[in-house]
Amino acid sequence: MNMTMFLIIAGMAIVTYIPRMLPLVFMDVEKIPNWFQAILRNVPYAALGALIFPGVLTVHENTWFGISGAITAIIVGYLGANLIIVVMSSIAMLMLLSWLF
Amino acid sequence: MATTAISHQKSSFSQGLLAGISIAIGYLPAALTFGLLAKSTGLTFAETLAMSLFVFAGAAQYMALNLIAIGTGAFEIIFTTFIVNIRHLLMSASVRERVEDDHPIIKAVYSFGITDEVFAVTTTQEGKIKSGFVAGVALIAYCSWVINSGIGYYVGSILPTSLQESMAIALYAMFIALLMPSLKKHRKVAALAISAAVFNSLLSLFLPSGWSIIGATILASAGIEILTKKGGHSK
């Protein structure tokens, strides 16, 4: 491995690890004000919304593939199916679409 | 969920491994593609594997390949990685608020594995999150990422293109599936997810995606909190 690549990987590893580790290890939950705890409890659902959209529109060069996959996941997920079934159904829907179009 | 935990008495670690299978499936095409791209960018097998082993960050690794390909310097690549991954500060803080208390070294170890997807699977669980559970989810996700990066380097084109393209939906489908159970129970969840999606769509027009996700998440989390407090029906 050449020196530059070693530096790049080591540097990337450090700057990726630190934001993941710092709050988890060093944040004292007792000392977090209530209003901030309430906001932190909202973060997972807000982050999911942001992680899904608009990214889902770009999974395929045809926007409708992403939309169809998302709708499949919403329907199958709403019916209460297991996570893996939801994932597999969406993949199957895109396979079907790519055969059809 | 609580009933299955009681009836099966499975360890939280093996429950985590099970819960992480969807991530492992979702990482498969992304990691294969990373391996393939790394090879075409001119990285050696060891460099490709080392990046997945030590960095474990999908978007940042793709971005690094792009920057390496156009001859960007090491500092710029590291700085870009930092900017892309700074969103994990917020996710890690949110995990901290929900996770059981444990030895700092244990937390320092499993915090390495808190990717977007591991964060999403662990924090949408009900109740306190066990360290073993996070470790299980993170481990299976990590194995899938590292092993498939390696496979991708040599046989990236092993899967038919139509399947690879179709599997790109996997992680999004998982995110949607993670939202559904809470969405049915609490109207607030829908408000949070939808407003964050709208904010992210707007912010991503003029911000890099990492900052846009942070901005949208903060605006939605704080905004909805203020609105529900004013409405007087905070849960």
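Just so we're clear, the structure is a prediction, and the values are computed from it rather than from any experiment.

Looking only at helices and strands, chain A has 4 helices and 0 strands in total. The order of helices and strands in chain A, counted from the N terminus, is α-α-α-α. Against the globule reference of 13 Å for 101 residues, chain A gives a C-alpha radius of gyration of 20 Å, more extended than a compact globule. By principal-axis analysis of the C-alpha atoms, chain A measures approximately 50 × 50 × 25 Å. Taken over 101 residues, chain A has a buried fraction of 52%. For chain A, the exposed area adds up to about 5200 Å²; of that, 72% sits on carbon and sulfur atoms.

What the rule picks out here adds up to 8 salt bridges over all chains. Between E97(B) and R41(A) there is a salt bridge whose closest N-O contact spans 3.0 Å. A residue pair is termed interchain when its members come from two chains, as with E97(B) in helix 7 (residues 88–98) and R41(A) in helix 2 (residues 34–52). Salt-bridge contacts for R87(B) lead to D116(B); the nearest nitrogen and oxygen are separated by 2.8 Å. On the criterion of sequence distance, the pair formed by R87(B) in the loop between helix 6 (74–85) and helix 7 and D116(B) in helix 9 (residues 116–123) is long-range, its members being 29 residues apart. Among the residues examined, D116(B) registers a relative accessible area of 9% and is labelled buried. Within the structure, one salt-bridge network assembled from shared partners comprises R96(B), D101(B) and K107(B).

Moving on, we come to a nonpolar patch on the surface. Residues and elements named next belong to chain B. Together, I194, V198, L202, L205, F206, L207 and W211 make up an exposed nonpolar region whose accessible area comes to about 730 Å². If you tally residues by element for the nonpolar patch, the top one is helix 13 (residues 187–203), at 3 residues. Tracing the backbone shows F206 in the loop between helix 13 and helix 14 (209–231).

On to the interface of chain B and chain A, then. Each partner contributes to the interface: chain B provides 84 residues, whereas chain A provides 62 residues. Summing both partners gives a buried area of about 6500 Å² for chain B against chain A, and 76% of it is carried by carbon and sulfur. On the surface where chain B and chain A come into contact, there are 20 residue pairs in polar contact (both at pLDDT 80 or more). At 12 residues, helix 12 (residues 170–185) of chain B tops the list of elements feeding residues into the side of chain B that touches chain A.

Here we take up the packing of aromatic side chains. Under the counting rule described, the total for this entry stands at 13 aromatic pairs over all chains. With a centroid separation of 5.5 Å and 70 degrees between ring planes, the pair formed by Y27(B) and W145(B) is classed as edge-to-face. Linking Y27(B) in helix 3 (residues 21–41) with W145(B) in helix 10 (residues 131–155), this pair joins segments that are 118 residues apart in sequence. Taking relative accessible area as the criterion, W145(B) reaches 2% and is therefore assigned buried. A centroid spacing of 4.9 Å and a plane angle of 35 degrees characterise the contact between F45(B) and Y154(B), whose relative ring orientation is tilted. Residue F45(B) is located in helix 4 (residues 45–54), and its partner Y154(B) is located in helix 10; the two are separated by 109 residues in the primary sequence. Since its relative accessible area comes to 54%, Y154(B) is described here as exposed. Counting every residue linked through ring pairs, the aromatic cluster contains Y17(A), Y27(B), F34(B), F56(B), Y62(B), F112(B), Y142(B) and W145(B). Looking at K184(B), its charged tip hangs above the ring of Y78(A), at a distance of 4.8 Å from the centre.

On to the nonpolar core, then. Formed by 96 residues in total, the largest nonpolar core has its most connected members in I91(A), I23(B), M51(B), M174(B), F175(B) and L178(B). Tallying contributions element by element places helix 12 of chain B first for this core, with 11 residues. Built from parts of two domains, this core gets at least three residues from each of domain 1 (11–164) and domain 2 (186–235) of chain B. The residues contacting I91(A), other than those within four sequence positions of it, are I25(B), L163(B), S166(B), M167(B), I169(B) and A170(B).

Residues and elements named next belong to chain B. You can read the domains of chain B as domain 1 (11–164) and domain 2 (186–235). Its C-alpha centre places domain 1 at a distance of 25 Å from the equivalent point of domain 2. Listed per partner, the contact involves 5 residues of domain 1 and 6 residues of domain 2. Summing both partners gives a buried area of about 520 Å² for domain 1 against domain 2, and 86% of it is carried by carbon and sulfur. The largest contributions to the domain 1 side of the interface with domain 2 come from I83, R87 and L90, which together make up 69% of the buried area. If you look at where domain 1 meets domain 2, you find 0 salt bridges. Summed over the shared surface of domain 1 and domain 2, the number is 0 residue pairs in polar contact (both at pLDDT 80 or more). When its residues are assigned to classes, the side of domain 1 that touches domain 2 shows 4 nonpolar, no polar and 1 charged.

Parameters at a glance
- Residues numbered from 1 in each chain as written.
- Chains lettered and ligands numbered in written order.
- Predicted model: local features only at pLDDT ≥ 70, side-chain atom pairs only at ≥ 80, totals over all residues.
- Heavy atoms only, no water.
- Helix = DSSP H or I, 4+ residues; strand = E, 2+ residues; numbered from the N terminus.
- Rg over C-alpha atoms; globule rule 2.2 N^0.38 Å.
- Buried < 20%, exposed > 50% of the residue type's maximum accessible area, 1.4 Å probe, protein only.
- Areas by Shrake-Rupley, 256 points an atom, 1.4 Å probe, with all protein chains shown as cover.
- Salt bridge = Lys/Arg side-chain N within 4 Å of Asp/Glu carboxyl O.
- Patch = residues over 30% accessible without salt bridge, like charges linked within 9 Å, V, L, I, M, F, W, Y side chains within 5 Å.
- Contact = heavy atoms within 4.5 Å.
- Buried area = accessible area lost by both parts, 1.4 Å probe.
- Polar contact = N/O pair within 3.5 Å; in protein donor to acceptor, adjacent residues only side chain to side chain.
- Phe/Tyr/Trp six-rings, centres within 6.5 Å; stacked < 30°, edge-to-face > 60°.
- Lys NZ or Arg CZ within 6 Å of the ring centre and 35° of its normal.
- Core = buried A, V, L, I, M, F, W, Y, C linked by side-chain atoms within 4.5 Å.
- Domains from an automatic or database assignment.
- Nonpolar A, V, L, I, M, F, W, Y, C, P; charged D, E, K, R; others polar.

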